[in-house]
Amino acid sequence: MAKNKTAKSKTPSGKTQALNPVASTSRIDIGIDAGDRREIAEGLSRFLADAYTLYLKTHNFHWNVTGPMFNSLHAMFMDQYTEQWNALDEIAERIRALGFNAPGSYGEFVRLTSIREESGADGVPDWKGMVQQLVSGNEAVCRTARAVLKTADEAGDDPSVDLLTQRLQTHEKYAWMLRSLLE
Ligand SMILES: [Fe+2]
């Protein structure tokens, strides 16, 4: 079912901007309607932006964590950002397989993500603040994944459903593991 509607996203500042993924070719016929492919690509672009922002935040905290939990959190964050980094490629390449260009710049990711960016080296939280932010970040990634998974499922896009289901399992597990540190 063609929808051809333009999805909206909220920037970290709350400003809503239209998403308009760029089709890389019009000659594509994989059995998914062009409008559905566009809507799924829009959702996957927002998901990629969330996943990239969370990846960077996790790597940032791997570098900057301090305190009595240093050894375990330094290692835990590394395990998570390494796994997340590899998954980014799968998400971007799924957008390409649907016939659209994948966002790949910090400007696009900031515009598309639902996760607030860190201030960087000047605003490093303590270890508990880091863990709280990563719980929230993983939960945000899950919410975005669920929204696009529904779109992909309704369009019969099984590869996107499969990819998003796997990412949901991983990010829900990360959220649980991180949440457990605070209990
Ligand atoms: Fe390292």
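The structure under discussion appears in the preceding block.
Below: a short report on this structure. (Residues numbered from 1 in each chain as written. Predicted model: local features only at pLDDT ≥ 70, side-chain atom pairs only at ≥ 80, totals over all residues.)

## A few points about the environment of Arg-143
Where we set the bar: The numbering of helices and of strands both runs from the N terminus, where a helix is a DSSP run of H or I of at least 4 residues and a strand a run of E of at least 2.
Tracing the sequence through the fold places Arg-143 in helix α4 (residues 127-154). In sequence terms Arg-143 and Leu-168 are 25 residues apart; their C-alpha atoms lie 8.9 Å from each other.

## Here we look at the packing of α4 against helix α5 (residues 158-180)
The condition that has to hold: The axes are straight lines fitted to the C-alpha atoms, using for helices just the contacting stretch, and the angles between their N-to-C directions are given from 0 to 180°. Throughout this description, any angle smaller than 35 degrees is read as roughly parallel, any larger than 145 degrees as roughly antiparallel, any in the 65 to 115 degree range as roughly perpendicular, and the remainder as oblique. Each crossing gets its handedness from the near helix: less than a right angle anticlockwise from the far helix is left-handed, clockwise is right-handed. For this scheme, ten residues count as nonpolar: Ala, Val, Leu, Ile, Met, Phe, Trp, Tyr, Cys and Pro. Four count as charged, namely Asp, Glu, Lys and Arg, and the remainder, Gly too, count as polar.
Between α4 and α5, whose axes approach to 9 Å, the crossing angle comes to 160 degrees. Judged by the angle between their axes, α4 and α5 are roughly antiparallel. Crossing handedness for the pair α4 and α5: left-handed. Across the contact of α4 with α5, the residue classes break down as 15 nonpolar, four polar and six charged.

## Structural notes on the packing of helix α1 (residues 34-64) against α4
Orientation of α1 relative to α4, taken along the N-to-C sense of each, is 165 degrees, at an axis distance of 9 Å. When the axes of α1 and α4 are compared, the pair comes out roughly antiparallel. Helix-helix and strand crossings are classified by hand; for α1 and α4 the assignment is left-handed. Partitioning the contact of α1 with α4 into residue classes produces 14 nonpolar, seven polar and four charged.

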